[in-house]
Each structure stands twice: as C-alpha cells, then as structure tokens.
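# Examining the three-dimensional arrangement
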Amino acid sequence: MGSEALDSVEVAVVGTGFGGIGMAVQLLEAGYRDIAVFEKADRVGGTWRENTYPGCACDVPSHLYSFSFAPNPNWSRMFSGWREIRDYIEDVARRYGVMDRIWFGHELTAARFDEATSLWHLNFSNGATVKARYVVAGLGPLHEPVVPDLPGLKDFKGPAFHSAQWRHDVDLAGKRIAVIGTGASAIQFVPQIAPAAGQVDLYQRTPPWVMPKPDRDVTAFEKWMFRTLPFTQRLWRYWQYWTYEMRGIGFVRRPSFMERARKMGVEHIAEHIGDPELRAKVTPDYLPGCKRILIANDYYPALARDNVSLVTEGIDRITAEGIIGKDGVLRPADVIIFGTGFEAAEPFHRGLFAGVGGRDIKDVWAEKGGAEAYKGVAVAGFPNLFLLAGPNTGLGNNSIVFILEAQIGYILDCLAEAKARRAGRIEVTDTRQTVYNAEIQEMMKRTIWMTGCNSWYLNANGKNTTIWPGFSLQYHLRMKEFEAADYRWS
Ligand code: NAP
C-alpha cells in the first residue's frame, strides 16, 4: 500500500503466509472491501519467506499443500522447495487482488481491545496505529526461532545462527560446522552443506524417525494434463488427501499400528548405514509419529560420510573455539548452526494481545495450563479476535492448508452472523471453550502424541496444545457447524 496513513479498518488480517493470504482472498471474494493486511516484512510468504536454508522444502506434497481454490498445475516437484511455495503464495495474492491491500513493514507489536468502542487498537513496529473492528491473526505457529541458552554461547568467536535466519553471507566451504538439533530443518540442510564442509559435527539429543521421501520431478506430461484437464489434478489431490488421511488411524486411534512404520524406519536406516554403532545411535526408542515423522532420502547417506560425525554425548558448554561435550571433549568449530526449532506450544510474546480488562493472552493461557481456544480460532476474553492455525489445530499426517481453509470458512460464517445480528462484538463463551478443550484433551489421550516422547507439540506442563487429536476431516466437519449460541453477541 501507499504511504498514506490508515486510521481504521473493519477487518485487519495480520501475516501473509498461507493463513493470512487465504483469509484475505476469501474476505474479498465474500465482498468485504474495508480490509487491510499487515505484514512485518517486505514481501509475502510467511514461513516460506523466512526459511531459506539449503534444502528447505515442504514435507507435504505440493498438490495437496496448496489452496483448494487455486490449484497450481505447474509444481515442479512432488515436494516443492521454499522458493516455489513462496512464489505460489505471492501469485495467489496478486491474482486475487490481495497485494493492493497489504501494508508491508508493519510488524504488529501490541493489540489492545478497547471495551468502550469494541475496537482493537493495533500498534506496529514502524509507529503506525490502526483501529480495527475484527482482527484475524495469521501469525504462524512456527515462527519464533528457539536458540537454546547454552553456557558460553556469547563467547563463540565464529558465526552462530538459527536455520530460520540462515546467513547466506557465511561461506561454509571447508569449514568445521557444528549443527545442533536433528529435527525437520536439520535433516534437510545437513545433506546440503556436508559435501563442501570440512567437517560437520551433528549434535543429536533425540533421534528422529526418518522415512523415505517419495519425491520426484513432476513430468511435462503430468503438468500438461493438470493444465488441460483440471479434474485430473483434483483427483490426484483427493488421492493424496485420502492416502494421508488414512494414515491418521495410527496417529489418532491405534498407535500400535505404527509398529509397521517402525519396521519401515529400521529398514531405511539399515539400507544406508552399515556401521552398527551409528545405526544404534540413529534408531529412536519411541513409536514413529510421537515426534513428527521426517522424510528424506539423503539424510542417512549424509550421516555415513567420513566428514560427518553424530555427537550424542550432549553439550556441556560452548567456548570461543567450539563445543565441549558432556564427555569433556572439545570439538572445534568455525560455525554453529541451530536447527533447534520454534516456540510452537506457547505462541505469541507477552504484550501482543490484551483483551477484556487489559488481560494479556499469555496470563489467560497460563491460568488454563497452556494455550487454548474454541475450535482453535476464538478465545474467551478476546472478542472480535480470530486465530489462524491456533491452539490444537496442527496435524501430524496431513496438510495444514486444509485446516486453514476450514478456519477461514468458519470465520466468514462468524462475521456474516455478526452482520445479520448487527452485532459489533463477538465473544466465545468461556464455558463453551472449556467444554470443547476438555473434550479434545480427552481425545488426545489415545493418540500417538501422548505415548511418552518429548516433542515440541507439548508445552512445559506436558500438555499438548498444538495438535488436533482427530482426523482432519473431523475438524473440517466441525468447522462447517456454526453455533451462534457458542458466542455472546452485542
Ligand atoms: P524441531 O523439529 O523442533 O527440531 C528441533 C531439534 O533441535 C530437535 O532435534 C531437538 O531435540 C533439538 N534441540 C532443541 N533444543 C535443543 C538443545 N537445547 N540441545 C540440543 N538439541 C536441541 O525443529 P525444526 O527442525 O526447525 O522443525 C520445526 C518444525 O517446523 C517441524 O517439526 C515441522 O513441523 C516444521 N518444518 C516443516 C518442514 C516441512 O517440510 N513442512 C520443514 C522444516 C520444518 P529433541 O528432539 O531432543 O527435542
């Protein structure tokens, strides 16, 4: 948008990842014109703009990990890289007229609900302030990088950075690189950096399950077919959706079914790693799915390289020269890369959302034992605020874009109801939210995520605040039901 100041708006959408852009598109399609989209950076894309590390790609197939209303027949690979996904989001934003509504360089720093007017007062990092009737927060569940507070880190003399803040200016060729963490990001960038590195020491705390990745180029014929006969792409998407959805049985109903996946994982390790000691080190002792299942064909071969060492002794401290393990050995390093993930279970920083009575969302959630919302979207005490990819809406076995579209539809139903009732304030009742969350925590008990491993799905109290404990279709069907009685309207 231009430089003219914006004073107030009916709907403010914050963030331009899949959530924010999808919401803005559907608002425009539904006829809303008084909307504005705020983005901290200077281009759209969310996590696919932030994460640019070598090898960064989605582990959900592209024809599924895209909007149902904007199929892309031109995906180059079954699992596309970050740049192509970011370009897709940008293209959708442009085609649906969202680009003209985006205020770049606007990082939301504080949002306060004003009870007298039932408006949100938004403050941005650049000093701008805007009043909004409704706020839709598409801030992303995986966007606050976590760098562990390791003793001595500040003494390290070389570059040290997080995978989501990749230093493309640091030449890694010939360097001794310490990589901390073996999660979804590390298993993608380690195989990319290892060939040119002098030495890679990979610090593993818990081994992940890594399965073969059925990736390949999309053929010219397939692209032609998807372009010319769009129903073939829809069929392909349904096929992918149901294949992934069926796997949900092991995740949400019968964790014991994951024994088959364990066998597959062990075979994958055996195929690439000959050394029995290394095999033992990379074999997890928990069921696949308890932590996110990772997919890669090049990770185990990278571990088997002569210049890659898997360090499982733990980290004692960091010095100017490198890392001292709990075994007392100093392993020299020129660069440290943190593949240590994000603050997923405890979203938002203190001061970001202040609701009724000026109460901070962090305090409200702390009283409840962790983040919670009604249907992952609405929070009691925070009228006119909607969350995208909010608490307990993540998936272990399907596409988050499917979940986001269900949420977007639900929010539109909510806004339409408010219009019909001429209401200026919508607030979910605390009772409804509490009953809903008790129900999903009950469902959670029989899922794979509660079978005993430690994961980023759980908060500090061991409560799973991130994952939807059912099939994605169940969530979708629930979001189709809109019960006005769940809300207070005024
Ligand atoms: P992650 O999966 O949370 O992995 C973090 C890694 O860092 C884990 O191995 C963890 O060990 C380790 N770690 C954390 N703190 C540590 C400490 N103090 N000392 C030693 N090790 C420590 O993070 P991520 O790889 O950045 O991925 C985060 C999420 O982003 C993924 O799970 C996924 O949902 C998403 N992601 C998705 C894709 C995709 O293709 N869709 C790609 C990349 C990332 P423990 O296991 O012991 O905790």
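What you see is a predicted model; the values in this text were computed from it and never measured.

Let us look at the state of the cysteines. Throughout the structure, instances matching the rule amount to one disulfide. One disulfide in the model links Cys290 with Cys453; its S-S distance is 2.1 Å. On the S-S bond that ties Cys290 to Cys453, the torsion sits near -100 degrees, and the link is left-handed. Note that Cys290 is positioned in the loop between α8 (276-282) and β11 (294-295) and Cys453 in the loop between α12 (430-444) and α13 (472-480), a separation of 163 residues in sequence.

We now examine the packing of helix α11 (residues 400-421) against α13. Where α11 contacts α13, the two axes come as close as 9 Å, and the packing angle between them is 10 degrees. Overall, the two elements α11 and α13 adopt an arrangement that is roughly parallel. Mapping the contact onto sequence places Phe402, Ile403, Ala406, Gln407 and Tyr410 in α11 and Ser472, Leu473, Tyr475, His476 and Met479 in α13. In terms of residue class, the contact of α11 with α13 is built from seven nonpolar, three polar and no charged.

Here the focus is the pairing of strand β9 (residues 199-203). Within β9, four of the five residues are buried, which leaves it mostly tucked inside the rest of the structure. Examined bridge by bridge, strand β8 (residues 176-180) and β9 share five bridges and lie parallel to one another. By the bridge assignment, Arg176 is partnered in β9 with Gln199. Crossover handedness for the path β8 to helix α4 (residues 186-193) to β9: right-handed.

What surrounds the ligand is a group of 22 residues, the closest being Ala57, Asp59, Ser185, Thr206 and Lys291. Measuring from an oxygen atom of the ligand, one finds a backbone N or O atom of Asp59 at 2.6 Å. Here an oxygen atom of the ligand sits 2.9 Å away from a polar atom, N or O, in the side chain of Arg205. In isolation the ligand has 900 Å² of accessible area, and contact with the protein removes 85% of it. Residues of the shell around the ligand, tallied by class, amount to nine nonpolar, nine polar and four charged. Three or more residues apiece are contributed to the shell around the ligand by two domains, here domain 1 (8-144 + 343-489) and domain 2 (153-213 + 250-338).

One ladder, built from three bridges, connects strand β13 (residues 315-318) with strand β14 (residues 322-325); its direction is antiparallel. Across the sheet, Ile318 pairs through a bridge with Ile323, a residue of β14. In this structure, the hairpin formed by β13 and β14 is closed by a connection of three residues.

Further remarks concern the environment of Arg425. Mapping Arg425 onto the fold places it in the loop between α11 and β19 (426-428). What makes Arg425 buried here is its relative accessible area of 18%. Each C-alpha atom of the pair Arg425 and Gly127 lies 27 Å from the other, and the pair is 298 residues apart in sequence. When sequence neighbours within four positions are dropped, the list of residues in contact with Arg425 reads Phe113, Glu115, Ser118, Val356, Pro383, Asn384, Arg488, Trp489 and Ser490. Among the polar contacts listed, one links the side chain of Arg425 to the side chain of Glu427, at a separation of 3.0 Å.

For any pair of aromatic rings, the description rests on two quantities: the centre-to-centre distance and the angle between the ring planes. Inspection of the entire model under this criterion finds 31 aromatic pairs. On the numbers, 6.2 Å between centres and 90 degrees between planes, the contact of Trp120 with Phe353 is edge-to-face. Here Phe353 lies in strand β17 (residues 353-354) and Trp120 lies in strand β5 (residues 119-124), a separation of 233 residues in the sequence. The pair Trp120 / Phe353 is uniform in exposure class, with both members buried. Measuring from ring centre to ring centre gives 5.2 Å for Tyr374 and Tyr436, while their planes differ by 80 degrees; the resulting arrangement is edge-to-face. Taken together, the positions of Tyr374 in the loop between α10 (361-367) and β18 (385-387) and Tyr436 in helix α12 put the pair 62 residues apart, joining distant regions of the chain. Taken individually, Tyr374 and Tyr436 each receive the classification buried, so the pair is uniform in this respect. Taken together, the ring pairs in this structure connect Phe18, Trp48, Tyr65, Phe67, Phe69, Trp75, Tyr88 and Tyr96 into an aromatic cluster. Directly above the ring of Tyr244 sits Arg247, whose terminal nitrogen or CZ lies 4.8 Å from the centroid.

Inspection of the secondary structure assignment puts Asp114 in strand β4 (residues 108-114). One buried charged side chain, Asp114, makes no salt bridge at all; its nearest oppositely charged neighbour is Arg112, positioned 4.0 Å away. Engagement of the side chain of Asp114 in a polar contact is seen with the side chain of Thr117, the distance being 2.5 Å. Apart from the residues within four sequence positions on either side, Asp114 is in contact with Leu119 and His121.

Quick look at the sheet that holds strand β7 (residues 160-162) now. Ordered in space as β7-β16-β8-β9-β12, the five strands form an open sheet in which the pairing is parallel. The strands lining the two open edges of the sheet, one partner per strand, are β7 and β12 (308-311). Between one strand axis and the next, the sheet turns through 20 degrees on average, direction left out of account. The pairing of β8 with strand β16 (residues 335-338) spans four bridges and is parallel. Each bridged residue has a counterpart across the sheet, and for Ala178 the counterpart in β16 is Ile336.

Tracing the sequence through the fold places Met99 in the loop between α3 (82-95) and β3 (102-103). Separated by 191 residues in sequence, Met99 and Cys290 have C-alpha atoms that sit 39 Å apart. If we skip the residues at most four places from it in the chain, Met99 touches Val44, Glu90, Ala93 and Arg94.

The accessible area lost on association of the parts is a frequent measure of interface size. Per the domain assignment, the segments making up the chain are domain 1 (8-144 + 343-489) and domain 2 (153-213 + 250-338). The C-alpha centroid of domain 2 is placed 31 Å from the C-alpha centroid of domain 1. Facing 29 residues of domain 1, the contacting portion of domain 2 comprises 25 residues. A combined buried area of about 2400 Å² lies between domain 1 and domain 2, and 57% of that area is made up of carbon and sulfur atoms. Along the contact surface separating domain 1 from domain 2 lie one salt bridge. Across the pair Asp59 and Arg292 runs a salt bridge, and its minimum N-O distance is 2.7 Å. Joining domain 1 to domain 2, the criterion identifies seven residue pairs in polar contact (both at pLDDT 80 or more). Of the residues contributing to the side of domain 1 that touches domain 2, the split by class is 14 nonpolar, 12 polar and three charged.

Scoring rules and cut-offs
- Residues numbered from 1 in each chain as written.
- Predicted model: local features only at pLDDT ≥ 70, side-chain atom pairs only at ≥ 80, totals over all residues.
- Heavy atoms only, no water.
- Disulfide = S-S within 2.5 Å.
- Helix = DSSP H or I, 4+ residues; strand = E, 2+ residues; numbered from the N terminus.
- Axes fitted to C-alpha atoms, helices over the stretch in contact; angles between N-to-C directions.
- Parallel < 35°, antiparallel > 145°, perpendicular 65-115°, else oblique.
- Contact = heavy atoms within 4.5 Å.
- Nonpolar A, V, L, I, M, F, W, Y, C, P; charged D, E, K, R; others polar.
- Buried < 20%, exposed > 50% of the residue type's maximum accessible area, 1.4 Å probe, protein only.
- Pairing = 2+ DSSP bridges.
- Right-handed = clockwise from strand over helix to strand, strands pointing away.
- Near = heavy atom within 4 Å.
- Polar contact = N/O pair within 3.5 Å; in protein donor to acceptor, adjacent residues only side chain to side chain.
- Areas by Shrake-Rupley, 256 points an atom, 1.4 Å probe, with all protein chains shown as cover.
- Domains from an automatic or database assignment.
- Phe/Tyr/Trp six-rings, centres within 6.5 Å; stacked < 30°, edge-to-face > 60°.
- Lys NZ or Arg CZ within 6 Å of the ring centre and 35° of its normal.
- Lys, Arg positive; Asp, Glu negative; His and termini not counted.
- Salt bridge = Lys/Arg side-chain N within 4 Å of Asp/Glu carboxyl O.
- Buried area = accessible area lost by both parts, 1.4 Å probe.

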